[in-house]
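Now for the letters of each chain:
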Amino acid sequence: KQWYQRRVRATSEKTELPKEDKVATPKPTYTTLPSRTPTRETKPPPPQDKGPELEEGKVALDFFNSDVFLKIQDGGMTGSNRVESGFNQLWTCGRTTHGVSSGKVCFGVQLKEKLECRSYENFGVEKHQFRVGVSSLSGDLVPGMDALSVAIDNFGKKYVDGNSEQYFAEGVAKLNENDKITVALNQEDKTISFYRNGESLGDALSLPEGLHGTALFPTIGTRNMPFTLVTSAGEDNFTPEGFTYIQDFEEKERGPVAPETREECEVVMMIGFPSAGKTTYVKKLVEEQPEKHFNILGTSYILRRMPDAVEARKKTKNGRMGYGLVNHAENLLRIVFDLAGRRARNYIIDQHNCQSAAQRRKLSYFTGGYKRTAVAILPTEEVLKERAEGIPEAERHEDLPKDLQHEMKAYLTIPSVPEQVSEVIYVDSDAETVAEAIKKYNAEGQDWLKKNRRRRSNPHHYHNNRGGYNNNYRGGYKMGGYNNRDNRYSPYGGNRGGYGGGYHNRGGYGGGYGGG
C-alpha cells in the first residue's frame with residue numbers, strides 16, 4: 001500500500017508539457033474495416049508477359065500455343081519444364097509457331113542434360129520422360145494423348161490414334177541425353193518417320209485419317225528432359241533424303257497469333273455443384289468458338305498432366321485417388337493461375353467455384369483488363385441426381401465428403417455485377433429462379449452444419465485454427481482438415497505460408513475434380 005501511494009504521488013508531481021508543444025495525432029478513419037494485408041484486387045495488375053520477340057517467319061516454340069508453365073528460352077528454341085512445387089510430375093508441352101499441310105518436311109530435337117529434381121510422389125513413377133511428334137491445332141497438347149496426334153517417346157513406344165505400342169526394335173537403346181531426334185513428315189504419302197543421330201528408329205508410321213488434309217504442327221512434351229528445337233539444315237543436322245527443314249519450307253503455315261493485349265481476352269468462370277453439367281457446357285463452348293483458342297483451367301486439367309502419379313496413387317489407395325493428391329493439384333493450379341494472368345489468352349475456369357472466397361481469389365488473378373464472365377449452372381436436385389447417374393463409370397470421381405457438400409450449399413453465391421464480373425449467364429434458368437434456389441441451398445446447408453459440426457472441447461486450446469479441431473478444419477475430419485478460408489481438404493494441415501514450408505491455401509476447394 002505504501003509503495004502504491006508513493007507511486008501515485010510521484011506521478012502527480014510530474015510537470016506536464018505546455019499545450020502548444022503537444023502534437024495531436026488525428027485518428028485514421030475508414031469507410032470499411034482496415035485490412036491487415038493488401039488484397040490482390042487493390043494491387044496493380046502484373047505486367048503482361050509476351051514471351052520472346054520473334055522475327056517474321058521464324059519457326060520456334062509458340063509462346064501462345066504452349067503450356068503457360070513451359071519455360072521457353074534462347075529466342076524460342078529451347079524448352080524445359082519447371083521443377084519447383086511439384087511441376088516435375090507434370091507433362092509440359094508446346095507446339096511450334098508454324099505447321100505444314102503439304103510437302104515433305106522435317107524438324108529435329110536435341111535432348112539436353114536431364115533435370116535432377118525431388119519428386120513429391122515416390123511410387124516408382126519414371127521422372128524423366130519425353131515425347132515428340134506432330135498434332136493438329138484441335139488435338140490435345142500432350143503428343144500421343146488422343147487420336148489427333150502421332151508421336152514416340154524416349155522408351156521406344158509409338159502413339160498412334162490414341163493407342164501406344166512398342167516401336168523400337170528389341171535391343172535398341174532408349175532416347176537419352178545429347179541424342180538428336182529427326183522427325184520426317186511426308187504429307188504426300190501421309191506417313192511420318194523418326195531418326196536418331198541419322199539412323200532410322202523404325203518403319204514409317206501411317207497418319208490416322210483424322211489428320212489427313214489438315215495442318216500438322218511439331219509438338220513436344222517433356223518431363224524433366226530439356227530440349228533444343230532444330231528447324232534448319234546444318235552440318236551437324238541430319239536431313240532425310242528428299243525432305244526440307246520446316247524453316248526453309250516456303251509453304252509453311254502460321255499458327256494462331258496471340259491477342260495484343262489482355263483487354264482483348266475473356267475469362268469464363270463456371271459455377272455449379274458436382275455433376276451439374278459444367279464440363280459439358282465447356283466442351284460445347286470450345287467447339288462453338290474455336291477462334292478463341294480457350295485454355296481450360298481446373299484441377300482435372302492438372303491431374304490429366306500427371307497420369308502416372310494418379311494411377312500409382314490409386315494402386316496404394318484401393319482404386320481411390322485420395323484428397324492429398326487433389327490438394328497437391330490445387331496448389332499447382334494456384335501457380336498456373338498466376339502465370340496465366342500475365343498472358344493474353346482466353347481462359348475457362350472449369351471448377352465448382354461456389355463460394356465467394358474462391359470466386360474472388362481466382363478472379364483476382366485476371367485483373368489486367370480481361371472481360372470476366374460467370375456461367376451459373378444450378379439445376380434442381382432431381383436434375384442434378386439424374387445427370388450424376390448419367391456420367392460414365394470411367395469418368396466418375398470420388399464423392400465429396402458430406403461436410404464439404406453442405407459447406408458448398410451453405411455459402412453458395414453468385415459474383416456481383418459489375419464489381420466482380422461484367423455478366424452472369426444462367427444456363428437452363430434465370431436470375432430470379434437461381435436467387436430463390438440459392439436461398440434454399442444456403443438455408444439447407446447452414447442448418448446441416450449447425451447440427452453436425454463438432455464443437456471445440458476447450459475454447460482456449462484451439463491452436464489458432466479458426467474453429468479447428470487439432471488440424472485446422474472447419475467442420476471436417478480430424479485428420480488433415482479443410483485448409484483455410486474456403487475449406488480445401490488438406491492432410492498436411494492449414495499452412496498459409498509459401499510453397500516450400502507448407503501449402504498456401506486460402507482459396508476454395510476449387511471444384512476438386514472439375515467434374516460436372
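Look above for the structure.
Rules used in this analysis
- Residues numbered from 1 in each chain as written.
- Predicted model: local features only at pLDDT ≥ 70, side-chain atom pairs only at ≥ 80, totals over all residues.
- Heavy atoms only, no water.
- Helix = DSSP H or I, 4+ residues; strand = E, 2+ residues; numbered from the N terminus.
- Buried < 20%, exposed > 50% of the residue type's maximum accessible area, 1.4 Å probe, protein only.
- Contact = heavy atoms within 4.5 Å.
- Areas by Shrake-Rupley, 256 points an atom, 1.4 Å probe, with all protein chains shown as cover.
- Axes fitted to C-alpha atoms, helices over the stretch in contact; angles between N-to-C directions.
- Parallel < 35°, antiparallel > 145°, perpendicular 65-115°, else oblique.
- Left-handed = near helix turned anticlockwise from the far one by under 90°.
- Nonpolar A, V, L, I, M, F, W, Y, C, P; charged D, E, K, R; others polar.
- Pairing = 2+ DSSP bridges.
- Salt bridge = Lys/Arg side-chain N within 4 Å of Asp/Glu carboxyl O.
- Core = buried A, V, L, I, M, F, W, Y, C linked by side-chain atoms within 4.5 Å.
- Polar contact = N/O pair within 3.5 Å; in protein donor to acceptor, adjacent residues only side chain to side chain.
- Expected span 1.5 Å × (residues − 1).
- Arc of directions from axis to C-beta.

What about the overall build of the chain?
Scanning the chain for helices and strands turns up nine helices and 25 strands. Classification of the 516 residues of the chain by burial places 49% in the buried group. Relative to all contacts within the chain whose residues are 6 or more apart in sequence, the contacts with residues 24 or more apart total 70%. Counting only carbon and sulfur atoms, one obtains 47% of the accessible surface of the chain, whose full area is about 26,400 Å².

What about helix H8 (residues 402-410)?
In terms of burial, H8 is largely enclosed, as seven of its nine residues are buried. What H8 keeps buried is the set Asp-403, Leu-404, His-406, Glu-407, Met-408, Lys-409 and Ala-410.

Digging into the packing of H8 against helix H9 (residues 431-452)
Remark: H8 packs on H9, axes separated minimally by 7 Å, with the N-to-C direction vectors making an angle of 140 degrees. On the basis of the axis angle, H8 is oblique to H9. Considering how the two elements wind past one another, H8 and H9 form a crossing that is left-handed. Residues Lys-402, Asp-403, His-406, Glu-407, Lys-409 and Ala-410 of H8 pack against Tyr-441, Asn-442, Glu-444, Gly-445, Gln-446, Trp-448 and Leu-449 of H9. Looking at the contact of H8 with H9, its residues break down into four nonpolar, four polar and five charged.

Comments concerning the sheet that holds strand E20 (residues 295-297)
Pairing in this open sheet of five strands is parallel, and the strands run E20-E21-E19-E22-E23 from one edge to the other. Of all the strands in the sheet, just E20 and strand E23 (423-426) have a single pairing partner and so form its edges. Ignoring strand direction, the axes of neighbouring strands in this sheet form an average angle of 20 degrees. Pairing analysis gives six bridges linking strand E19 (residues 266-271) to strand E22 (residues 371-376), with the strands arranged parallel. Pairing of Glu-266 across the sheet is with Lys-371, part of E22. Strand contacts of helix H5 (residues 323-340): E20 and strand E21 (347-349), with the helix running at about 145 degrees to E20, the strand carrying the most contacts. Strand contacts of helix H6 (residues 356-363): E19, E21 and E22, with the helix running at about 165 degrees to E19, the strand carrying the most contacts.

Description of the pattern of salt bridges
Taken as a whole and judged by the stated rule, the model has 12 salt bridges. The salt bridge partner of Arg-387 is Asp-428, with a shortest N-O separation of 3.3 Å. Here Arg-387 is found in helix H7 (residues 381-389), whereas its partner Asp-428 is found in the loop between E23 and H9, with 41 residues between them in sequence. If you follow the salt bridges from partner to partner, you end up with Glu-381, Lys-409 and Glu-444 in one network.

Brief notes about the pairing of strand E15 (residues 217-223)
Where a strand is regular, its side chains alternate between the two sheet faces. Counting buried positions over the seven residues of E15 gives seven, a clear majority of the element. Along E15, one buried face is formed by Phe-217, Thr-219, Gly-221 and Arg-223 and the opposite face, lined by Pro-218, Ile-220 and Thr-222, is buried too. As paired strands, strand E4 (residues 92-96) and E15 are joined by four bridges and run antiparallel to one another. Paired with Thr-92 across the two strands is Thr-222, which belongs to E15. Bridging between strand E7 (residues 129-135) and E15 involves seven bridges; their strand directions are antiparallel.

As for the nonpolar core
Judged by nonpolar contacts, the single largest core of 59 residues is most densely connected at Leu-297, Ile-302, Val-336 and Phe-366. When residues of this core are assigned to their parent elements, the largest contribution, 10 residues, is made by H5. What Leu-297 contacts, discounting residues up to four positions off in sequence, is Leu-333, Val-336, Phe-337, Ala-340, Tyr-347, Ile-348, Ile-349, Asp-350, Gln-351 and Phe-366. Leu-61, Phe-63, Leu-111 and Val-150 belong to the second-largest nonpolar core, a separate cluster that totals 36 residues.

Examining the side chain of Asn-186
Considering the arrangement of structural elements, one finds Asn-186 in strand E11 (residues 180-186). Here the side chain of Asn-186 touches Glu-188 through a polar contact of 2.9 Å, landing on its backbone nitrogen. From its side chain, Asn-186 meets the backbone nitrogen of Asp-189 in a polar contact 3.1 Å long. When residues no more than four places from it in sequence are discounted, the contact partners of Asn-186 are Gly-103, Lys-104, Thr-191 and Phe-243.

Some details on H9
Taking 1.5 Å of rise per residue, 22 residues should cover 32 Å, and H9 covers 31 Å from first to last C-alpha, within 8% of that figure. All of the buried residues along H9 are Val-434, Ile-438, Tyr-441, Asn-442, Gly-445 and Leu-449. Projected onto a plane normal to the axis of H9, the buried residues spread over an arc of 110 degrees and lie on a single side. Residues of H9 that are exposed and point over 90 degrees away from its buried face: Glu-432, Glu-436, Lys-439, Lys-440, Lys-450 and Lys-451. Contacts from the buried residues of H9 go to H7, H8 and E23. Structurally, the start of H9 carries an N-cap: the backbone nitrogen of Glu-432 is 3.2 Å from a side-chain oxygen of Asp-430.

Details of the environment of Gln-446
Looking at where Gln-446 falls in the secondary structure, it is placed in helix H9. A C-alpha to C-alpha distance of 7.8 Å links Gln-446 and Lys-409, two positions 37 residues apart in sequence.

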